[in-house]
Amino acid sequence: ANYLWPAMWNNAFGDDDPKNQALADEYGIVMGTSHHEPMMRADKEWNRHGKGKWEFSTNSANLTDFWRQGTVRARPYESLFTMGMRGQEDEPMSEGENIELLQNIVEKQRSILKEVFTDRPVEKIPQLWCLYKEVQAYYEKGMRVPDDITLLWSDDNWGNIRRLPTPAERARTGGAGIYYHFDYVGGPRSYRWINTVPLPKIWEQMNLAYQYGAHKIWITNVGDLKPMEFPTEYFLKLAWNPEAWPKERIVEYTELWAEREFGKPFAKEIATLINGYTRHNGRRKPELMAPETYSLLNYGEAERVLTELQQLTESAETLSKKIPIERQDAYFQLVLHPVLASANITRLNITIAKNRHYAQQGRSTTEFFRKQAKEYFAFDQNLKSRFDSLNKGKWRHFMDQSHIGYTNWNNPEADQMPALAEYIPGDYAEMGVAVEGVASAWPAPGSYEIKFDINGQTERELTLFNRGTRPYDFTVTKTPWIQLTQEKGTVNPEVRLAVKIDWSKLPEGLSEGNVTIRGTGWQAAKIKVKAVKPATDLQKIARGFIEADGFIAINAANFKKSKAVEGVAWQEIPQHGLTKSSISPFPVMDKSFTDWSNAPYVEYPITVFSTGDITIETILAPSLPFVPGRGLRYAIGVGDEKPIIVDLSTGPNAGDAAWNKSVENGVRIGRSEHKITKAGPQRVRLYAVDAGITVQRIHINTGGLAPSYLGPQESVYR
């Protein structure tokens, strides 16, 4: 692997400062085909040229000779030598291997370096020990290597750094580095098809690495370079000069990149598209996308996501007509294809969800969504063909990685259409009624009611659908303070009724009414409607984020008060996370604020109308506790209560199952129990305890928070 200095990047991004050129004497960009060659993970080559088993305890002579040959071949180049050894095919070493034997392996490898490199001391030969997966456990159990070997700490294969150096480890002459992932083959799901790593995620984790002294070597596992050009270049750019790219320049970076590739007139629009599809894929990787991901029932979530994707794809298609002809191919492969392909996977899964759900409810529209799902699947394959034909087949097969139809961690042999439901409506008319938030549909047995809160969602939906093929007429009677978009009409195949409340006609407290719908048959559908109007005196003094519909939802960056301690304060990371952004304590600290009364905090004013026990769900990045002996903690409190410290490294957030869920969903959820003794204005304070704690949202559940992937839209602020 040779050191490369891409001078053109300097000019494009305004980094042509002469002092940066001096950095080339010490730092460089390394491009290589394998991060584990020629020692620790040379087993791929061993399969072709080795003799005997890849097992040092029984085959040391052949392995030693094999390593020596590789070192001789690498000698003319500026290389990084990976020390140690792992089992074949990324497996842990056999039970016969132990720490003492691994240390002997490193000694043998060092002796090979001394033999081959006679012109310099072995300490001057660049070496690293990749503490990947179980190898980190060897280190934690006491295995050590010579001080001049760089410790290459790893992420969890999903972009969350597992460990960073302690102050004592930072004093090592070999220093430390990071091995990061942009794609991965393994559990809980392989992801290799397309770019899924947002820049704010890269910055947040690699900034921690930089601040903790892990900056000797940065390596990222890219897999196929073709769909990963954008995050790969950012990673290299950030590695070259981390201080030139603070969090405040994350958005600017994308615009500069787009300007360089497509010209200034298109830069902002293209940056919006790149950030849009990348954030969407960062929410949940396409390989993990499932019909159940986004809720059809709660907070209009699936439709909100579809609307967002529709705006994104329309913008991308419209802009494609303005891009100069000589840059059309580049625009398609770098912008239009990933936007369309990423959006299509989500559309496919939401359509499958509707197909299955409507079949269970007996809707005649089931077949429409069955056909539409097949069209989305075909569109995915057509996009692949279009990519293959680009620029006379220059990138043929680069997007052939299968990504639809996973049943376990490994990809299917080819894209597989998920199972679809079939419902064959009869040659008759039969009324069905679906109620927002309710899985079943009338006339199936169940509780059908709609709840309103004067401070909450202003509109709910009833859907009158046909279980057969012949149209039918309907009429509606209702309680006077209930408003509907229409009270009679014809259903073929469905009619959506928007339901609202005339609050001027309601007294304080809880009011109950009904919507009665008559269509086919003798039985009418009766839908209960409940409306809550808090006391006027409480309404008058309500301030901050207002409780409604049984919850308060807050984007973490929307705090109204902040207190810094010892120069450390919560700050926003733009565009980080599933929704708006995230906050984390900066500058990155090398300590913990275990005394919450003297810890940095942010404050959110709220108003609650209910009292009693509540649960606060704090939505955080899926970060890992990266300092030995230290957790990943925050504290949170309501009003004057003693804040509750939540440790994300223990309890329900610990263990393999919790980790699987956190990387699948892209978040980790901390939960704390609190008590509200008095209705009215309150405050919620969020305290920083440990470094690296990164918060996206706060959900205060007063009894009505419903399941969803992204959570409800932010509560009204007054």
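Values in this document were obtained by computation on a predicted structure and should not be read as measured data.

Basis of the calculations
Residues numbered from 1 in each chain as written. Predicted model: local features only at pLDDT ≥ 70, side-chain atom pairs only at ≥ 80, totals over all residues. Heavy atoms only, no water. Helix = DSSP H or I, 4+ residues; strand = E, 2+ residues; numbered from the N terminus. Buried < 20%, exposed > 50% of the residue type's maximum accessible area, 1.4 Å probe, protein only. Contact = heavy atoms within 4.5 Å. Areas by Shrake-Rupley, 256 points an atom, 1.4 Å probe, with all protein chains shown as cover. Lys, Arg positive; Asp, Glu negative; His and termini not counted. Charge placed at Lys NZ, Arg CZ, Asp CG, Glu CD. Pairing = 2+ DSSP bridges. Core = buried A, V, L, I, M, F, W, Y, C linked by side-chain atoms within 4.5 Å. Expected span 1.5 Å × (residues − 1). Bend = angle between axes of the 7 residues up to and from the residue.

Asker: So what exactly am I meant to see when it comes to the overall build of the chain here?
Answerer: Along the chain, the regular secondary structure elements total 16 helices and 29 strands. Here the chain holds 718 residues, and 56% of them are scored as buried. Expressed as a percentage of contacts within the chain between residues at least 6 apart in sequence, the contacts between residues at least 24 apart total 74%. Entry remark: accessible area of the chain is about 31000 Å², with carbon and sulfur atoms responsible for 49%. Computed over 86 positive and 88 negative side-chain charges, the separation of the two mean positions in the chain equals 3 Å.

Asker: In this structure, what is going on with the sheet that holds strand β13 (residues 482-484)? I would like to understand it.
Answerer: Strands pair in a sheet through their backbones, by hydrogen bonds, and they do so in one of two ways: parallel or antiparallel. Ordered in space as β9-β8-β11-β15-β13, the five strands form an open sheet in which the pairing is antiparallel. Edge positions in the open sheet fall to β9 (441-442) and β13, since each of these has one partner strand only. In the sheet, strand β8 (residues 431-435) pairs with strand β11 (residues 460-466) via five bridges, with the strands oriented antiparallel. Bridged to Val435 within β11 is Leu462.

Asker: Is there a simple way to explain the nonpolar core in this structure?
Answerer: One recurring pattern in soluble globular proteins: nonpolar side chains tend to sit buried together. Counting 120 residues, the largest nonpolar core has Ile178, Met206, Ile270 and Tyr331 as its most contacted members. Per-element tally for this core: the top contributor is helix α13 (residues 328-361), with 13 residues. Those residues within four positions of Tyr331 in sequence are excluded, and the remaining contacts are Phe262, Ile270, Leu273, Ala316, Leu319, Ser320, Ile323 and Leu336. Listed in part, the 29 residues of the second largest apolar core include Val476, Trp481, Leu484 and Val495.

Asker: What is the right way to read helix α4 (residues 56-74) from this model?
Answerer: The end-to-end C-alpha distance of α4, which contains 19 residues, comes to just 22 Å, noticeably less than the 27 Å that a straight helix rising 1.5 Å per residue would cover. Of all the bends in α4, the greatest measures close to 50 degrees and is centred on Asn62. Taken residue by residue, α4 has Phe56, Asn59, Leu63, Thr64, Phe66, Trp67, Gly70, Thr71 and Ala74 as its buried positions.

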